[in-house]
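Observations on the model geometry
Below are the chains, spelled out letter by letter.
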Amino acid sequence: MIELDPQQAAARHWFESLRDRICAAFEAIEREAGSDAAFAYTPWDRIDPSGGPGGGGVMGVMKGRVFEKVGVNVSTVGGTFEGEFAKSIHGAGDDPRFFATGISLVAHMANPHVPAVHMNCRFLNTTKRWFGGGGDLNPPLPIAEDTADFHATMKAACDAHDPAYYPRFRDWAETYFYIPHRKVERGVGGIFFDHLDGDFDANFAFTRDVGEAFLDAYPRIVRRRMATPFTPAEEAAMLEWRGRYAEFNLVYDRGTLFGLKTGGNIDAILMSLPPRATWS
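The following paragraphs examine the structure supplied in this document. (Residues numbered from 1 in each chain as written. Predicted model: local features only at pLDDT ≥ 70, side-chain atom pairs only at ≥ 80, totals over all residues. Heavy atoms only, no water.)

1. Comments concerning the packing of helix 1 (residues 6-32) against helix 4 (residues 200-225)
Think of two packed helices as two axes; the pair is described by the angle between the axes and how far apart they sit. Axis separation between helix 1 and helix 4 bottoms out at 11 Å; the angle between their running directions is 5°. Here helix 1 lies roughly parallel to helix 4, going by the angle between them. Here the residues of the contact of helix 1 with helix 4 are counted per class, giving 17 nonpolar, three polar and five charged. (Axes fitted to C-alpha atoms, helices over the stretch in contact; angles between N-to-C directions. Helix = DSSP H or I, 4+ residues; strand = E, 2+ residues; numbered from the N terminus. Parallel < 35°, antiparallel > 145°, perpendicular 65-115°, else oblique. Nonpolar A, V, L, I, M, F, W, Y, C, P; charged D, E, K, R; others polar.)

2. Overview of the pairing of strand 3 (residues 67-80)
Most of strand 3 sits out of view: twelve of its 14 residues are buried. Looking at chain direction, strand 2 (residues 53-62) and strand 3 are connected through eight bridges and run antiparallel. Within strand 3, the residue paired with Gly56 across the bridge is Thr76. The hairpin turn running from strand 2 into strand 3, its antiparallel successor, is four residues long. Here strand 3 runs beside strand 4 (residues 97-109); their pairing, made up of 13 bridges, is antiparallel. Within strand 4, the position partnered with Thr80 by the bridge is Arg97. (Buried < 20%, exposed > 50% of the residue type's maximum accessible area, 1.4 Å probe, protein only. Pairing = 2+ DSSP bridges.)

3. Side note on the side chain of Gln8
Within the secondary structure, Gln8 sits in helix 1. Here Gln8 falls in the buried class, since its relative accessible area comes to 8%.

4. Re the pattern of salt bridges
All chains considered together, the criterion is met by 23 salt bridges. Between Arg276 and Glu235 there is a salt bridge, with the nearest N and O atoms lying 3.1 Å from each other. With Arg276 in the segment after helix 7 (266-269) and Glu235 in helix 5 (residues 232-251), the pair connects residues that are 41 residues apart, well separated along the chain. For Glu235, a relative accessible area of 25% gives the class partly exposed. Linked by salt bridges that have partners in common, Glu145, Asp146, Asp149, Asp216, Arg220, Arg224 and Arg225 make up one network. (Salt bridge = Lys/Arg side-chain N within 4 Å of Asp/Glu carboxyl O.)

5. Focus: the pairing of strand 6 (residues 129-138)
Along strand 6, nine of the ten residues are buried, which leaves the element largely enclosed by surrounding structure. Pairing geometry for strand 5 (residues 116-125) and strand 6, over ten bridges, is antiparallel. Along strand 6, the bridge assignment pairs Asn120 with Gly134. As consecutive antiparallel partners, strand 5 and strand 6 are separated by three residues. Pairing of strand 6 with strand 9 (residues 189-197), which is carried by seven bridges, proceeds in the antiparallel orientation. Each bridged residue has a counterpart across the sheet, and for Gly134 the counterpart in strand 9 is Phe192.

6. Side note on the sheet that holds strand 3
Within the open sheet, the seven strands sit side by side as 1-2-3-4-5-6-9. Their pairing is antiparallel. Each of the sheet's edge strands pairs with one partner strand only, and the pair in question is strand 1 (40-47) and strand 9. Neighbour-to-neighbour, the strand axes of this sheet turn through a mean angle of 5°, independent of strand direction. Strands in contact with helix 4 are strand 3, strand 4, strand 5, strand 6 and strand 9; relative to strand 5, the strand with the most contacts, it is inclined by about 165°. The strands touched by helix 5 within the sheet are strand 3, strand 4, strand 5 and strand 6, with strand 4 carrying the most contacts at an inclination of about 170°. (Contact = heavy atoms within 4.5 Å.)

7. Description of unusual backbone geometry
The backbone of Lys183 sits at a positive phi, close to 60°, despite the residue not being glycine. Its location among the elements puts Lys183 in the loop between strand 7 (178-179) and strand 8 (184-185). By relative accessible area, Lys183 is classed as exposed at 64%. For His195, which is not glycine, the phi dihedral falls at a positive 55°.

8. With respect to the packing of aromatic side chains
Inspection of the entire model under this criterion finds 30 aromatic pairs. An angle of 70° between the planes, with centres 6.1 Å apart, marks the rings of Phe26 and Tyr218 as edge-to-face. With a gap of 192 residues between them, Phe26 in helix 1 and Tyr218 in helix 4 connect regions that are remote in the sequence. With respect to class, Phe26 is no different from Tyr218; both count as buried. In this structure an aromatic cluster arises from ring pairing among Tyr165, Phe169, Trp172, Tyr176, Phe177, Phe192, Phe193, Phe206, Phe248 and Tyr252. Between the NZ or CZ atom of Arg208 and the centre of the ring of Phe204, over which it lies, the distance is 4.5 Å. (Phe/Tyr/Trp six-rings, centres within 6.5 Å; stacked < 30°, edge-to-face > 60°. Lys NZ or Arg CZ within 6 Å of the ring centre and 35° of its normal.)

Right, dumping it as structure tokens:
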């Protein structure tokens, strides 16, 4: 087991508590839709190549009537980066030791009018300590009201800490969640931030507010759209859009690369992939 200092323990505890509340909120939506779907939780352990304790995590997955597939993962891992990968990580170029704890969530919805979503919050330690994360909305069939709602909620969370955060992190999301070989954005954006170091208490408070903003906005959007009728053509559009989502996560996503390079659980790393997708 990894020994945690007070900051690491506080971050881990909060990520796990956010997981519990998000999963409860999503299961409540399934109940409202007449489904008894619930999350199945699978713990996993990581073996560090250096031989020390590597930590691990818990993969949570639910397949229901509203959520065709949603994964909510938490992990707390540590050890030593292998090879040249350390040079690509903030603060690890001269010392490959690391610690990371966080929550990662991806939801693919049964109804194409309900947007898919991604959310991640994390705390990493190398020779530096920083928070990163964000959330972005990924609708197969974008609806302006939902996009505005999601962005307004994220903006409020940002503005409570620094009025410069939202425009900066919104633009960062537009740049990051872009598929160069398709020349399209993955969705309608949100916020993305990384390497937020310095004042632990202030940065942790901001990261918590981002998680709370997600929990506020997304269930509201799901309830707004989950009973909307849809056509076979709209479902086909959703499945083709999911192919683009899969391409991004397999080719460009930093979290996928980090998990694979640090010996994480393969099923947990790839839980972001949709249950069905098409390429025409």
